[in-house]
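# Remarks on the overall topology
Read off the chains here:
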Amino acid sequence: MSDLDLLTQSLARNVKRWRAERGFTLDTLAARAGVSRGMLIQIEQARTNPSLGTVVKIGDALGISITTLLDYEQGPKVRVVPADQAVRMWHTEAGSYNRLLAGTEAPGPLELWDWRLMPGESSSSDPHPAGTVELVHVTAGELTLTVDGVGHAVPAGASASFDAWLPHAYGNQGAVPMEMVLAVSVPPVH
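Below: a short report on this structure.

Calculation criteria
Residues numbered from 1 in each chain as written. Predicted model: local features only at pLDDT ≥ 70, side-chain atom pairs only at ≥ 80, totals over all residues. Heavy atoms only, no water. Pairing = 2+ DSSP bridges. Helix = DSSP H or I, 4+ residues; strand = E, 2+ residues; numbered from the N terminus. Axes fitted to C-alpha atoms, helices over the stretch in contact; angles between N-to-C directions. Core = buried A, V, L, I, M, F, W, Y, C linked by side-chain atoms within 4.5 Å. Buried < 20%, exposed > 50% of the residue type's maximum accessible area, 1.4 Å probe, protein only. Contact = heavy atoms within 4.5 Å. Parallel < 35°, antiparallel > 145°, perpendicular 65-115°, else oblique. Left-handed = near helix turned anticlockwise from the far one by under 90°. Nonpolar A, V, L, I, M, F, W, Y, C, P; charged D, E, K, R; others polar. Salt bridge = Lys/Arg side-chain N within 4 Å of Asp/Glu carboxyl O.

### A word on the sheet that holds strand S4 (residues 122–125)
Judged by pairing direction, the sheet is antiparallel, and its four strands sit side by side in the order S4-S9-S6-S7 without closing on themselves. The sheet is open, and its two borders are formed by S4 and strand S7 (150–155), each paired with just one other strand. Averaged over all adjacent pairs, the angle separating strand axes in this sheet is 20°, with direction ignored. For strand S6 (residues 142–147) and strand S9 (residues 168–171), the ladder comprises four bridges, and the chain directions are antiparallel. Opposite Leu 145, over in S9, you have Tyr 170 as the bridge partner.

If you want it as structure tokens, here you go:
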């Protein structure tokens with residue numbers, strides 16, 4: 001079985017499990033996540049590989065991290081994720097990518113990401129639930145962080161925090177690859 005098949009089956013199992021734990025019907029989760037009921041059915045039956053944006057919306061609607069959606073079981077208190085097991089969620093032919101390094105529930109979802117954007121590339125994010133914050137630390141190049149339509153330059157060695165429930169995007173307007181570590185903290189669902 002391929003890694004993609006394992007990921008698809010794990011996502012199917014966990015969406016069903018967390019939807020049941022939250023007491024959400026398919027219609028309720030679809031409305032909360034802003035995805036179609038049909039898409040949720042396909043995901044729960046492991047018949048589709050949804051986009052990163054769709055997985056993020058479902059996790060946000062359930063109040064859990066992407067890591068939790070992709071894991072079969074919660075591990076012990078210490079969980080080491082080997083470098084070769086970090087989950088690459090997207091990449092471009094030019095060499096841009098992001099990888100989910102680790103995540104936990106503390107008390108809401110908390111995720112740690114490794115990002116690389118090649119010169120001239122960018123990635124936008126849908127707003128997360130109210131109260132979500134992100135922290136970035138740029139390790140190479142310069143990040144152009146756009147939050148609610150306003151751009152901010154974040155050079156190598158600098159860090160930034162922002163309210164991620166506002167529309168936001170990460171960009172590289174420089175001539176060299178930009179690399180950063182990103183942490184996302186989503187408040188728990190009440």
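### Considerations on the nonpolar core
In this structure, Ile 58, Leu 143 and Tyr 170 are the most contacted members of the largest nonpolar core, which totals 39 residues. Beyond its immediate chain neighbours, meaning those up to four positions away, Tyr 170 contacts Trp 115, Leu 117, Ser 122, Ser 123, Glu 134, Leu 143, Thr 144, Leu 145, Phe 162, Met 180 and Leu 182.

### With respect to the packing of helix H2 (residues 26–33) against helix H3 (residues 37–44)
At a minimum axis distance of 9 Å, the contact between H2 and H3 shows a crossing angle of 110°. Our classification of the angle between H2 and H3 gives roughly perpendicular. Seen from above, H2 lies across H3 with right-handed handedness. Counting all contacts with H2, which are made through Leu 26, Asp 27, Leu 29 and Ala 30, the residues of H3 involved are Arg 37, Leu 40, Ile 41 and Glu 44. Residues that form the contact of H2 with H3 fall into these classes: five nonpolar, no polar and three charged.

### So, the pairing of S7
Regular strands show a simple pattern: their side chains alternate between the two faces of the sheet. In the sheet, S6 pairs with S7 via six bridges, with the strands oriented antiparallel. Residue Leu 145 lies in a different strand from S7, and its bridge partner there is His 152. Where S6 folds back onto S7 in an antiparallel hairpin, the turn is made up of two residues, including Asp 148, whose phi is positive at roughly 55°.

### Some details on the pattern of salt bridges
Scanning the model with the defined rule gives five salt bridges in all. Two residues, Arg 19 and Glu 44, come together in a salt bridge whose shortest N-O distance is 2.6 Å. Taken together, the residues Arg 19 in helix H1 (residues 3–22) and Glu 44 in helix H3 connect sequence positions 25 residues apart. Arg 116 serves as the salt-bridge partner of Glu 179, at 3.3 Å between the closest nitrogen and oxygen. Separated by 63 residues along the polypeptide, Glu 179 in strand S10 (residues 178–185) and Arg 116 in strand S3 (residues 109–117) bring together distant segments of the chain. On the basis of relative accessibility, which here comes to 26%, the residue Glu 179 falls in the partly exposed class.

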